[in-house]
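Residues per chain are reported as follows:
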Amino acid sequence: MSAKFSFNLTSEDRRRADLPRKILIAQHDGETVAHVTLRLLAFLIFWRPRLQVETNLHQDDIPFVPDLAQFDYQLRLALWVECGDCTVAKLDKLAVKCHDAEIWVVKRSPAEMERLRLAMKKAELRENRYSLLALDAEMFEEVCGLVQQRNEVTLFACEFDPPRLQFDFNGLWFEAEFKVLRF
């Protein structure tokens, strides 16, 4: 592990009032700060009770570690979130191995999301099985440039209809739309 980043979280969004006060996100060898930032923003967007960052699934038949995961009350995987680079082969395996879970892929820009969509179509992955989310590229790059070892984040709004995200990150205000695509 090359670094750990802490994020003190507060929420002014009544639907996400139960955000944890703090999360730690590891930057592993070979990962960039962009991957850490994607995990953070995905955590804010997909927040729900029992959401975990990079949790060990303890399942021999699934050789992957999700960026974010959530289990239901019967300890079945309910949500799997991949952030950044993800191969089409991995997505295909996830659809088989995690057949009951929602599978989301979070990309830093609409252009990256479109490249993944085309690759998924070319590989003939099952349709209506995946959801793709693309952040606003300019907003994402600016947030990446502000990430420090210790960070302060206040969430004001996160909605899927219409898709938008409002938050304060280390004293700067961000408001941006994101795109959602079902594949």
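You'll find the structure just up there.
Everything quoted here is computed from the prediction, not taken from an experiment.

A. Geometry of the sheet that holds strand S9 (residues 163-169). Read across the sheet, 5 strands follow the order S2-S1-S8-S9-S10 without closing on themselves; strand pairing throughout is mixed. Looking at which strands have only one partner, the edges of the open sheet turn out to be strand S2 (22-27) and strand S10 (172-177). Across the sheet, the mean angle separating the axes of adjacent strands is 30° when strand polarity is ignored. Strand direction decides the pairing type here: S9 and S10, joined by 6 bridges, are antiparallel. Looking at S10, one finds that Phe167 is bridged to Phe174. Packed on one face of the sheet, helix H1 (residues 33-46) meets strand S1 (3-11), S2, strand S8 (150-160) and S9 and runs near 150° to S2. In this fold helix H4 (residues 137-146) packs onto S8, S9 and S10, with an angle of close to 150° to the strand it touches most, S10.

B. Unusual backbone geometry, seen in detail. Residue Pro162 is bonded to the preceding Asp161 through a cis peptide linkage, with omega at -5°. Notably, Arg50 is not glycine yet its phi reads approximately 75°, a positive angle. If you trace the backbone, Arg50 turns up in the loop between H1 and strand S3 (51-53). Located in the positive-phi region is Glu54, a residue other than glycine, with phi close to 45°. Relative to the helices and strands, Glu54 is located in the loop between S3 and strand S4 (68-71).

C. The environment of Arg15, seen in detail. Inspection of the secondary structure assignment puts Arg15 in the loop between S1 and S2. As a C-alpha pair, Arg15 and Ala157 span 142 residues in sequence and 8.6 Å in three-dimensional space. Apart from residues lying up to four places away in sequence, Arg15 is in contact with Cys158 and Glu159.

D. Quick peek at H4. Of the positions making up H4, those classed as buried are Met139, Phe140, Val143 and Cys144. Across the axial projection of H4, the buried residues extend over an arc of 135°, all falling on one side. For H4, the exposed residues set more than 90 degrees away from the buried face come down to Glu138 and Gly145. The inward-facing, buried residues of H4 abut H1, S9 and S10. One side-chain oxygen of the residue at the start of H4 lies 3.4 Å from the amide nitrogen of Glu138, identifying that residue as Asp136.

E. Expanded view of the sheet that holds S3. An order of S3-S4-S5-S6-S7-S11 is seen for the 6 strands of this open sheet, with the pairing classed as mixed. Only two strands of the sheet have a single partner each, and these edge strands are S3 and strand S11 (179-182). Shown here is a sheet whose adjacent strand axes are inclined to one another by a mean of 20°, direction ignored. When S3 meets S4, the two strands line up antiparallel, connected through 3 bridges. Residue pairing in the sheet places Gln52 in a bridge with Ala69 of S4. Relative to the sheet, helix H2 (residues 88-97) contacts strand S5 (77-83), strand S6 (102-107) and strand S7 (130-134), its axis offset from that of S6 by approximately 155°. Running over the sheet, helix H3 (residues 110-122) touches S6, S7 and S11 and is turned about 155° from S7.

Rules of the game
- Throughout, residues of each chain are indexed from 1 in the direction in which the sequence is written.
- Under the rules for a predicted model, residues below a pLDDT of 70 receive no local features and side-chain atom pairs below 80 are neither given nor counted, while totals for whole chains, interfaces and linings still include all residues.
- Each side-chain value is worked out from all heavy atoms of the structure, with water and hydrogens disregarded.
- Two strands are counted as paired when DSSP detects at least two bridges linking them.
- The numbering of helices and of strands both runs from the N terminus, where a helix is a DSSP run of H or I of at least 4 residues and a strand a run of E of at least 2.
- Angular values range over 0 to 180 degrees, each being the angle between N-to-C directions of two axes fitted as lines to C-alpha atoms, with helices fitted over their stretch in contact.
- By definition in these notes, contact holds between two residues if any of their heavy atoms fall within 4.5 Å.
- The buried label applies to any residue whose accessible area, calculated with a 1.4 Å probe on protein chains only, is under 20% of its type's maximum; exposed applies above 50%, and partly exposed to all values in between.
- Relevant arc is that of directions from the helix axis to the C-beta atoms, nothing else.
- In protein, a polar contact means a hydrogen-donor-capable atom and an acceptor-capable atom, both N or O and within 3.5 Å, with residues adjacent in sequence counting only if both atoms are side-chain atoms; elsewhere, any N or O pair within 3.5 Å suffices.

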